[in-house]
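Fold and contact review
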Amino acid sequence: MREPFRLDGLHALVTGGASGIGEATSRELVRAGAFVWIADINLTAAKALASSLGNAQAVSMDVTSAQSIEEAALQLPQLDILVNNAGIGHVGGIATTQAEDFDRLLNVNVRSVFLVTQRLLPLLLASPAKGSIVNIGSVAGMIGIRQRFAYCTTKGAVLAMTRQLAVEYPKELRVNAICPGTVETPFVEGYLDKYHAHEKEKIREELRARQPMGRLGQPEEVASMVRYLSSREASFISGSLFTIDGGWTAA
Ligand code: NAD
């Protein structure tokens, strides 16, 4: 019997694929048999990961730059799976969010999904496997989170783009989004270092406590869902949003 959730022969590209959720996703897709393009602004980390994985290649990509995306795209012979994962955070309510920070978040988290998806669309549409896009959103796109004005804004937009693309290309593509709660990655460690250097353990405990399961998610738990959504087993799923948040948004 055929092993489920296999991606043999498919080519995937993971933006921000060198760290955290992107890194776990690159690993999982290679494990599933796919060839993975690890597209990251941090080329050194992407190269190190690619050489440890084998069936993968690092490609330099700044998702905010159309030129950088173009240069990366020219290297791809085919593409069946796109994971729009690169993203950054920001802490602040509306009163303390600077316009430059708001623009930066929109550029990295939202405009990037537009630019990367638009450039890679012809390859995805040409995929004999039917192209799959998985956008990494966040629970922040579904519920309000205090002190995350810009971040919630951008993740809401990612979910809206997911639904719009699914409606625009219902027969040609599948487009889904995953909405993680707080996941143990360098993203969260960076936040703790920057904003709570003297009370990291206290804040870490608060982050755990707001998720009913009482712990942070693991990047591999998100990566498994990316693999599933990219597989033939998920062939009737498009325009859907999947929370992976230890029960946070059920409350
Ligand atoms: P991370 O910081 O560990 O990794 C992000 C990666 O993106 C890094 O490799 C970084 O070099 C890359 N990157 C940053 N800017 C880039 C750019 N302009 N162009 C190309 N690559 C760029 O972060 P993570 O926690 O793995 O987060 C990945 C995604 O998951 C983000 O979209 C984030 O918003 C989302 N997310 C994270 C959490 C969490 O708790 N960690 C929760 C929900 C959603």
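An account of the accompanying structure is given in this report. (Residues numbered from 1 in each chain as written. Predicted model: local features only at pLDDT ≥ 70, side-chain atom pairs only at ≥ 80, totals over all residues. Heavy atoms only, no water.)

1. Some details on the packing of helix α4 (residues 99–125) against helix α5 (residues 149–168)
As a packed pair, α4 and α5 sit with axes 8 Å apart at the nearest point and diverge in direction by 15 degrees. In terms of orientation, α4 and α5 fall into the roughly parallel class. As for how α4 packs across α5, the hand of that crossing is right-handed. Of α5, the residues touching α4 (which contributes Phe102, Leu105, Leu106, Asn109, Val110, Val113, Phe114 and Thr117) are Phe149, Ala150, Tyr151, Thr153, Thr154, Lys155, Ala157, Val158, Met161 and Leu165. Of the residues belonging to the contact of α4 with α5, the class tally is 13 nonpolar, four polar and one charged. (Axes fitted to C-alpha atoms, helices over the stretch in contact; angles between N-to-C directions. Helix = DSSP H or I, 4+ residues; strand = E, 2+ residues; numbered from the N terminus. Parallel < 35°, antiparallel > 145°, perpendicular 65-115°, else oblique. Left-handed = near helix turned anticlockwise from the far one by under 90°. Contact = heavy atoms within 4.5 Å. Nonpolar A, V, L, I, M, F, W, Y, C, P; charged D, E, K, R; others polar.)

2. A closer look at the site of the ligand
The local shell around the ligand holds 26 residues, among which Ser19, Asp40, Asn85, Tyr151 and Thr185 are the closest. In isolation the ligand has 830 Å² of accessible area, and contact with the protein removes 90% of it. Using a 2 Å cut-off from the grid points, one finds that the ligand occupies the largest pocket. Contributions of two or more residues to the shell around the ligand are made by α1 (20–31), α5 and α6 (186–195). Take the shell around the ligand: its biggest share by element is three residues, from α6. Across the shell around the ligand, the residue classes tally to twelve nonpolar, eleven polar and three charged. (Near = heavy atom within 4 Å. Areas by Shrake-Rupley, 256 points an atom, 1.4 Å probe, with all protein chains shown as cover. 1 Å grid on protein atoms, 1.4 Å probe; cavity = no way out; pocket = protein on both sides within 12 Å on 5 of 7 lines; lining within 4 Å. Sits in = over half its atoms within 2 Å of the grid points.)

3. Some words on the sheet that holds strand β1 (residues 11–15)
Note on sheets: strands pair through backbone hydrogen bonds, and any given pair is parallel or antiparallel. In spatial order, the strands read β3-β2-β1-β4-β5-β6-β7; together these seven strands make up an open sheet with parallel pairing. Both edges of this open sheet fall to β3 (56–60) and β7 (241–244), since each of them pairs with a single strand only. Mean inter-strand twist for the sheet, computed between neighbouring axes without regard to direction, equals 20 degrees. In this sheet, strand β2 (residues 35–40) lies alongside β1 in parallel orientation, the contact comprising five bridges. Directly across from Thr15, in β2, lies its bridge partner Ala39. Sheet contacts for α4: β1, β4 (81–84), β5 (131–136) and β6 (173–180); angle to β4, the most-contacted strand, approximately 175 degrees. Contacts from helix α8 (residues 219–230) reach β4, β5, β6 and β7, with the element oriented near 165 degrees to β6. (Pairing = 2+ DSSP bridges.)

4. As for α5
Over its 20 residues, α5 runs 29 Å from end to end, which matches the ideal 28 Å to within 8%, given 1.5 Å per residue. Along α5, the positions that sit buried rather than exposed are Ala150, Tyr151, Cys152, Thr154, Lys155, Val158, Leu159, Met161, Thr162, Leu165 and Ala166. On the buried face of α5, the contacting elements are α4, β5, β6, α6 and β7. (Expected span 1.5 Å × (residues − 1). Buried < 20%, exposed > 50% of the residue type's maximum accessible area, 1.4 Å probe, protein only.)

5. Section: the side chain of Thr162
Looking at the element boundaries, Thr162 is found in helix α5. Relative accessible area serves as the criterion here: at 0%, Thr162 is assigned to the buried category. A polar side-chain atom of Thr162 sits 3.0 Å from a polar atom in the side chain of Asn135. Side-chain polar atoms of Thr162 contact the backbone oxygen of Val158, separated by 2.8 Å. Aside from chain neighbours lying at most four places away, what touches Thr162 is Asn135, Val175, Asn176, Ala177 and Leu241. (Polar contact = N/O pair within 3.5 Å; in protein donor to acceptor, adjacent residues only side chain to side chain.)

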